[in-house]
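Summary of structural features
In case you want the letters, here they are:
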Amino acid sequence: MTTKRTESEAQGDIKDALLRAYPPKVARKRAQQMQYHEPTDDLPAKPIKANTRTVPGIITQRGCTYAGCKGVVLGPTRDIVNITHGPIGCGFYSWLTRRNQTRPPTPEDANFMNYCFSTDMQEENIIFGGEKKLKEAIQEAYDLFKPKAIGVFSTCPVGLIGDDVHAVSREMEAKLGITIFGFSCEGYRGVSQSAGHHIANNQLFKHVVGLDDTPQTHPFAINLLGEYNIGGDAFVIEDLLQRCGIHLVATFSGNSSFDFFANSHTADLNAVMCHRSINYMADMMEKKFGIPWIKINFIGAEATAKSLRKIAQFFDSDLLEQQVEKVIAEEMPAVLEAQKRARRRLEGKTAMLFVGGSRAHHYQTLFKEMGMKIAAAGYEFAHRDDYEGRRVLDSIQVDADSRNIEELEVHPDPQRFKPRMADETKARLEREGLKFSEYEGMMPDMDPGALVIDDISHHEMERLIDRYRPDIFCAGIKEKYGIQKMGIPCKQLHSYDYGGPYAGFAGAIEFYEEIDRLVNCRFLKKLRAPWHEVGLASSGLAAEHQVGRVETEKGGSDSSDVDYAA
Amino acid sequence: MLLRHTPTEVSERRSLTINPAKTCQPIGAMYAALGIRDCLPHSHGSQGCCSYHRSTLTRHYKEPVMASTSSFTEGASVFGGQSNLLQSLETIFSVYKPRVVAVHTTCLSETIGDDIPQIIAKAKEEGKIPDGAFVIHANTPSYVGSHVTGFSTMVKSMVDYFAEPKAPTRAVVADAGAPRLNIIPGWVEPADMREIKRIATAMGIQALVFPDTSGITDAPFSGRAEMFPAGGVSVEALATMGDARATVALGPTASAAAASALELKCDVPHETMELPIGLSATDRFVDALRRRGGVQVPAALEEERGQLLDVMSDMHQYLYQKRVALFGDPDQLVALTEFLMDLDMDPVYIVTGTPTKKFEDRIRHALKDRADRAKFKQGATADMFLLHQWIKNESVDLLIGNTYGKYIARDEDVPFLRLGFPVLDRIGHVYFPTVGYRGALRLLEKMLDLFLDRQDRDAPEESFELVM
């Protein structure tokens, strides 16, 4: 027992603990989706398997293609009537559950986000086809609301029975004279939400981007891609950009409007937050309109400052640079003060993050600002490039599931393609460190030896928590209460536990305080009743079961903040 | 306004459901299956279904909800889901080790036409189901019925798979201590299932309550990971349902199918009645237990009933003729309507998205002489959008329904009582019952708090009352 084991033995042991219960074939597959991070500059690095099918029967965090398309990318736009074509469930579950906030400019402006629209398909529609019902539903939606645009989202049975949502959309678009577009985002199309992001990108690009050619007059005009305004993050970022003098043409798609998308091709830069969900859009806009893209991240104070500086660097303007530095200087003192407070209470504690396609990376920056360590992390639906960086793109094997998703062929627009800067300027900026069309992924930012697990299963999560007893675990709603039953606080990074915003400088302060609240909360020290300590308990929180965080004190209770003897 | 596009003028809709007062079958099957001990619900379809159902149930209970999925991809949709289900069962039994896997279908696997019993038989043949473990199933295509019918179908499956013919000797022995009855509680909360068991025990009845989510979706903090918390009805207990003297089925939409199936299979007579919400329905429930069990109503229950009546008479003036709009599930709506009528309140608008032919008759019966003055509707376009339009035409004093009602309540400045599924923004429903006399008292208290707070808020200073 006293022998000191080598690190690799301990690592092998933990991996084994995660995989032991699986049937051999499943264990082999899962083993390829987990590894200890070993930094390397060489290719091929040890690749992590990602974006592959979840083994049936495994309790996974993942959702479906429809969720990624209708829920994630199109959901946050306030003035499109999004009709779910299918039985009632899919529309119901994606109704207001993602906390995408929106702020219409006036009380009269359109906002359909609080509504759920569905064709509510019945058995006869499955047998005889649902196109007629869909047409009628579109007509009824138009008559009632006169929206600018209507989106139609296919659910699983629609694809099987062969309803042509695109033909119906075209027909109704011609009839009604508004934009109507369909999405073949049936739940089974891909291995996760990720396929739905791609489908959403394609259709937005095809049907909306470029509809409005009103020229851009602002010298520093950008789009923000992959920011969905959960808990008001986009509001914080909008405010920051405005104070810096940067004009935001469109956000894809937090706090967004159809009109913003239509004019978005006039921006000079695409700043990409969530690479996974929106990189397709960035690439396609670059090819068709000549808009370059850079990866930015407004989660974390340092990352926010860095991102603002990158944007200023891109525009190569002293004026903008000064303004950005002024804003950073205004914000940083309060951040540093809060960081100091947080560090006193959190330094050295450990966190694990298993969520999304970018948040498990972005939120590491916030934890590091508090001096916390990331013991393990992974994505729910990301691809290899989100782990290892776009440098591995060429070596990713395209499997049958990915081939299902249409890859749009995009060419430079004969009239509207416009290079945003001279080649020599771009080359100079690159020499100065600005990276175009690049995302380096999660792993380069992680400490050597940290565990990376793709598409973590419930079982693996439990084993991992048992072994490591991290101070906090970040995941989603399905995981939250199971983790907390184990005595470990869980922070949801999809919904933020109905808190936030956590973006930008003010958001960072908010997040430090939130993590302090969770990690140092008092009741976690009071999980046992006095009688558990004297061996009287026979069940429940029995004394023989160790609750990891309980601090046993000699001589009575730790519960009182008041000294009654005084 | 949150719902700024809802016009006052009601227009006919045939194809577009807006803000539904229902969701789909599989989530009901999943919830019912959670009420079996050591059971893992399994969703045979795309990953998204399982993810959505688990998320919604988790938000409603603030508890872990364990369920697995066949994770269909395009291939399964073309070739059928047999290999996905076989692989699922192998994974599930080697990793999670449940006693029961309760498979429910989805619109995807139903449209494909997967034959679940055949696949289960194949799994058995291939040794994928360990000895002593069970795989049961319910067909729950999302394009039929609603979440309530999905619940009902899974409860009926418990009868189909587990009920054994009456064993006369065992039945007599079992009945000797106290009369045995089955109670099918309907789609109610774990708190309600606990209350139903408490009432039965107080009356000296051995009640087999199934499904029973108490101990599972209201599990206490344990300090450890538990796939299967210590709650729910065991397979052994379910096997003896045929021995009972009778079955009392609460809520025709959610419970009648299982009760009839059991009568057919094991000759256990059944009595289906409205959910015991409010005075009259609880009276009928207690009386049914008395008659079927051959027992007396104990003084303790009489006391609870008396207390309820006492408060009803004390506070009648604040309830009298209050106009109420309700939305939700048929069984809850009918019972609530009757309770509101008992209180001399005025249920004026009632909608449920759940399609049931008998709903309108049941509501009319509950409304008695007021039926002609109320608006009520069931089915696809009986949605919250329509309900909101009715309210805009003539407002109400109270809105009762699930959490989605808060958007209407805020826009129209109407007091709002959260009741039904899902409740995503409050916690009381998990722990405090609405069934029985105690439950009725709690509903009464909640309604009075809403009315009296409103009066306190709106009263001119000179008529601001200290004592009410």
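First things first, this report covers the structure right here in the doc.

Let us look at the overall build of chain B. Within chain B one finds 20 helices and 14 strands. Rg of the C-alpha trace for chain B: 23 Å, near the compact-globule value of 23 Å for 468 residues, within the 12% margin. Residue burial in chain B is summarised as follows: out of 468 residues, 64% are buried. For chain B, the proportion of contacts with a sequence separation of at least 24, taken over those separated by at least 6, is 75%. Element-wise, carbon and sulfur atoms account for 51% of the exposed surface of chain B, whose accessible area totals about 16,500 Å². Side-chain charges of chain B comprise 49 positive and 59 negative groups, with the mean position of each set lying 3 Å from the other.

Our next topic: empty space enclosed by the protein. Counting across every chain of the model gives 11 cavities of 30 Å³ or more. Space inside the largest cavity adds up to approximately 700 Å³. Looking at the largest cavity, it is lined by 45 residues, and the ones nearest its centre are Val72, Arg98, Gln193, Phe381 and His494 of chain A. Contributions of two or more residues to the lining of the largest cavity are made by α3 (65-74), α9 (193-207), β6 (221-227), α15 (359-369) and α20 (477-485) of chain A together with α2 (47-61) of chain B. Along the lines of polarity and charge, the residues of the lining of the largest cavity split into 16 nonpolar, 21 polar and 8 charged.

Moving on: the nonpolar core. If you look at the biggest cluster of nonpolar residues, it comprises 202 residues, and the most contacted ones within it are Ile138 of chain A together with Phe210, Leu289, Leu399 and Met447 of chain B. No other element matches helix α20 (residues 436-458) of chain B, which puts 8 residues into this core. Not counting the four nearest positions on each side in its chain, Phe210 of chain B is found in contact with Val155, Met158, Val159, Asn182, Ile183, Ile184, Pro185, Val233, Leu238 and Met241 of chain B. Listed in part, the 73 residues of the second largest apolar core include Met273, Met372, Ala377 and Tyr496 of chain A.

We now examine the side chain of Lys491 of chain A. Mapped onto the elements, Lys491 of chain A comes out in strand β14 (residues 490-492). If we skip the residues at most four places from it in the chain, Lys491 of chain A touches Ile472, Phe473, Cys474, Ala475, Tyr496, Asp497, Tyr502, Phe511, Glu514, Ile515 and Leu518 of chain A.

With that settled, the discussion passes to the packing of aromatic side chains. Scanning the entire structure with this criterion turns up 34 aromatic pairs over all chains. Taking 5.8 Å as the distance between ring centres and 45° as the angle between the ring planes, the aromatic pair formed by Tyr349 of chain B and Trp390 of chain B counts as tilted. Taken as a pair, Tyr349 of chain B in strand β11 (residues 346-352) and Trp390 of chain B in helix α17 (residues 384-393) lie far apart in primary sequence, 41 residues in all. Comparing Tyr349 of chain B with Trp390 of chain B, the two get one shared label, buried. One residue, Lys146 of chain A, lies across the ring of Tyr142 of chain A, its end atom 5.2 Å from the ring centre.

Let's shift gears to the interface of chain A and chain B. Across the contact, 83 residues belong to chain A and 75 residues belong to chain B. Taken together, chain A and chain B are joined by 4 salt bridges. Seen at the junction of chain A and chain B, the total is 38 residue pairs in polar contact (both at pLDDT 80 or more). Listed by contribution, the elements that provide at least two residues to the side of chain A that touches chain B are α3, α4 (88-93), β3 (117-118), α5 (123-128), α6 (131-145), α7 (156-161), α19 (458-468) and α20 of chain A. At 7 residues, α6 of chain A tops the list of elements feeding residues into the side of chain A that touches chain B. Split into classes, the residues belonging to the side of chain A that touches chain B amount to 44 nonpolar, 25 polar and 14 charged. Two elements, β3 of chain A and strand β1 (residues 17-18) of chain B, share 2 bridges in a ladder whose sense is antiparallel.

Further remarks concern the environment of Ala377 of chain A. Assignment of secondary structure puts Ala377 of chain A in strand β11 (residues 373-378). Here Ala377 of chain A is in contact with Leu353, Phe354, Ala360, Gln364, Met442, Met446, Leu451, Val452 and Ile453 of chain A, once residues within four sequence places are set aside.

This part covers the side chain of Gln139 of chain A. All names here are of chain A. When you line up the elements, Gln139 lands in helix α6. Owing to a relative accessible area of 19%, Gln139 belongs among the buried residues under this scheme. Only 2.8 Å separates the side chain of Gln139 from the side chain of Lys175, close enough to count as a polar contact. Setting aside chain neighbours within four positions, we find Gln139 in contact with Met172, Lys175 and Leu176.

Before going further, it helps to examine the pattern of salt bridges. One pass over the full model with this rule turns up 68 salt bridges over all chains. A salt bridge links Arg189 of chain A to Glu74 of chain B; the shortest N-O distance between them is 3.5 Å. Of this pair, Arg189 of chain A sits in the loop between β5 (179-183) and α9 while Glu74 of chain B sits in helix α3 (residues 74-79), on two different chains. Given the relative accessible area of 16%, Arg189 of chain A is considered buried.

Turning our attention to the pairing of strand β13 (residues 472-475) of chain A. Residues and elements named next belong to chain A. Because side chains alternate across β13, one face comprises the buried residues Ile472 and Cys474, and the other comprises Phe473 and Ala475, equally buried. Sheet topology note: the strand β10 (residues 350-354)/β13 ladder contains 3 bridges and is parallel. Looking at β13, one finds that Ala351 is bridged to Ile472. Alignment of β13 against β14, held across 3 bridges, turns out to be parallel. Along β14, the bridge assignment pairs Cys474 with Lys491. In this region the chain leaves β13, passes through α20 and returns to the parallel neighbour β14; the handedness of that crossover is right-handed.

Parameters and conventions
- All chains use their own residue numbering, which begins from 1 and follows the written sequence.
- Naming scheme: in the order in which they are written, chains are lettered from A and ligands are numbered from 1.
- Given that this is a predicted model, residues contribute local features only at a pLDDT of at least 70 and side-chain atom pairs are listed and counted only at 80 or more, while totals for whole chains, interfaces and linings are drawn from all residues.
- The side-chain figures draw on all heavy atoms in the structure; neither hydrogens nor water molecules are used.
- Under the DSSP-based scheme used, a helix requires at least four consecutive residues in state H or I and a strand at least two consecutive residues in state E, with every element numbered from the N terminus.
- Only C-alpha atoms enter the radius of gyration, while the globule expectation follows 2.2 Å times N to the 0.38, with N the number of residues.
- Only protein chains enter the area calculation, which uses a 1.4 Å probe; residues under 20% of their type maximum are buried, those over 50% are exposed, and those in between are partly exposed.
- Two residues form a contact once any of their heavy atoms are found within 4.5 Å.
- Each accessible area is a Shrake-Rupley result for a 1.4 Å probe, and residues are judged covered by the shown protein chains and nothing else.
- Positive charge is attributed to Lys and Arg, negative charge to Asp and Glu, and no charge count is given to His or to the chain ends.
- Lys charges are placed at NZ, Arg charges at CZ, Asp charges at CG and Glu charges at CD.
- Using a grid of 1 Å spacing that covers the protein atoms alone, one calls a set of points a cavity when a 1.4 Å probe fits there but cannot get out, and a pocket when the set is open and has protein on both sides within 12 Å along at least five of seven lines; lining residues are those with an atom within 4 Å of a point.
- Grid points are joined across faces, edges and corners, and a volume is the space filled by probe spheres set on the points.
- When residue character is reported, Ala, Val, Leu, Ile, Met, Phe, Trp, Tyr, Cys and Pro are called nonpolar, Asp, Glu, Lys and Arg charged, and the others, Gly included, polar.
- Side-chain atoms within 4.5 Å are what join buried Ala, Val, Leu, Ile, Met, Phe, Trp, Tyr and Cys residues into a set we call a nonpolar core.
- Two aromatic rings, drawn from Phe, Tyr or Trp (for Trp, its six-membered ring), form a pair once their centres lie within 6.5 Å of each other, and the interplanar angle then sorts them: stacked below 30 degrees, edge-to-face above 60, tilted otherwise.
- Criterion for a charge above a ring: Arg CZ or Lys NZ at most 6 Å from the ring centre, at most 35 degrees from the ring normal.
- The rule for a salt bridge is simple: a side-chain nitrogen of Lys or Arg has to be within 4 Å of a carboxyl oxygen of Asp or Glu.
- Whenever a nitrogen or oxygen atom comes within 3.5 Å of another N or O atom, the pair is scored as a polar contact, on the condition that within protein one atom can donate a hydrogen and the other can accept it, and that pairs from neighbouring residues in sequence are kept only if both atoms are in side chains.
- A strand pair is defined by DSSP finding two or more bridges across the two strands.
- Place the viewer so that the strands point away; then a crossover is right-handed whenever the path from the first strand over the helix to the second strand goes clockwise.

Read these as geometric descriptors, not functional statements.
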